[in-house]
Amino acid sequence: MKFSVLIVDDEPLARQGVSLRLQPHEDMAVIGECSNGQEARDAILERKPDLVFLDIQMPLLSGIEVMRTLPPDQTPYTIFLTAFDEYVMQAFEVHAIDYLLKPIDDSRFNAALQHARRVLGGTQAATYQERLRELLTQDANIPVPAPLREFSVRTGRRVTFVSVEDIDWIEAQGDYAQLHVGSKEYLLRESLTYLESRLDTGSFLRIHRSAIVRVNRIVRVESRPNRDCVVTLANGNLLRVSRTYSHHLRNLLRNGSLV
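Computed from a prediction, not measured in an experiment: that's the story for all the values here.

Trainee: Hey, could you run me through the sheet that holds strand E4 (residues 77-82) in this one?
Mentor: Strands pair in a sheet through their backbones, by hydrogen bonds, and they do so in one of two ways: parallel or antiparallel. Across the sheet, five strands lie side by side as E2-E1-E3-E4-E5; this open sheet has parallel pairing. Of all the strands in the sheet, the pair left with one neighbour each is strand E2 (28-34) and strand E5 (99-101). The sheet shows a mean angle of 20 degrees between the axes of neighbouring strands, taken without regard to direction. Bridge count for E4 against E5 is three bridges, and the pairing is parallel. Its bridge partner lying in E5, Thr 82 is registered against Leu 101.

Trainee: What exactly am I supposed to notice about the sheet that holds strand E12 (residues 211-214) here?
Mentor: Within the open sheet, the five strands sit side by side as E10-E9-E8-E12-E11. Their pairing is antiparallel. The open sheet is flanked by strand E10 (184-188) and strand E11 (204-208), the only strands paired with a single partner. Strand-to-strand, the axes of this sheet are offset by a mean angle of 25 degrees, without reference to chain direction. The pairing of strand E8 (residues 169-173) with strand E9 (residues 176-181) spans five bridges and is classified as antiparallel. Directly across from Ala 172, in E9, lies its bridge partner Ala 177.

Reading the values: rules and limits
Residues numbered from 1 in each chain as written. Predicted model: local features only at pLDDT ≥ 70, side-chain atom pairs only at ≥ 80, totals over all residues. Heavy atoms only, no water. Pairing = 2+ DSSP bridges. Helix = DSSP H or I, 4+ residues; strand = E, 2+ residues; numbered from the N terminus. Axes fitted to C-alpha atoms, helices over the stretch in contact; angles between N-to-C directions.

Below, the structure is given as structure tokens:
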């Protein structure tokens, strides 16, 4: 028996990682990939996958919002992809919902896939659906820690502490992130998606799948013919704003947060 699989993540490398790990499993057929929540919702309703690997933090709709907006009879079996901290992870564990913590561990991936097979085979379907309904209807006030104020960056035996106040912008480097602080750069062993979930949303803005900027470093915004736009930072850096994330920037302009 073959099962159809949809992969949803705003990070291309994360989608590729799931797809590559699925290749040896002949009973799993990838039928599509999505980069944001709205695409995921449309694809689920249209293609009706058996299993969805679903990221939590995404543009337009989060993974949880995607699930909440689906009709009950069209809610697929789901393995969440997440970089959430321990408090949120405990919530998933209580409800026994499968998840994969980024960066993905191969043995954990195989264990989650094996559990999905049992669910898809019908032996645990009723229990799974009940626990999923509990997750989607539970009180949303899960304890969330305060936004990050400082990073500790290890280089060899040296640890450098970087205040978020000093960061100009953050750039994706594969599964890691590079902090741009004036003329200095620091490589951090965290994904951009994780950092987006832990930074103060009033101070930092995701403008591209590969870039987060500190809002008060933006000095100019210019539109481009292809509907993208470019921001100029105080240090002179020019960074492209993709259409996927441009609505966040437009909201800041509309609310007068950028002048």
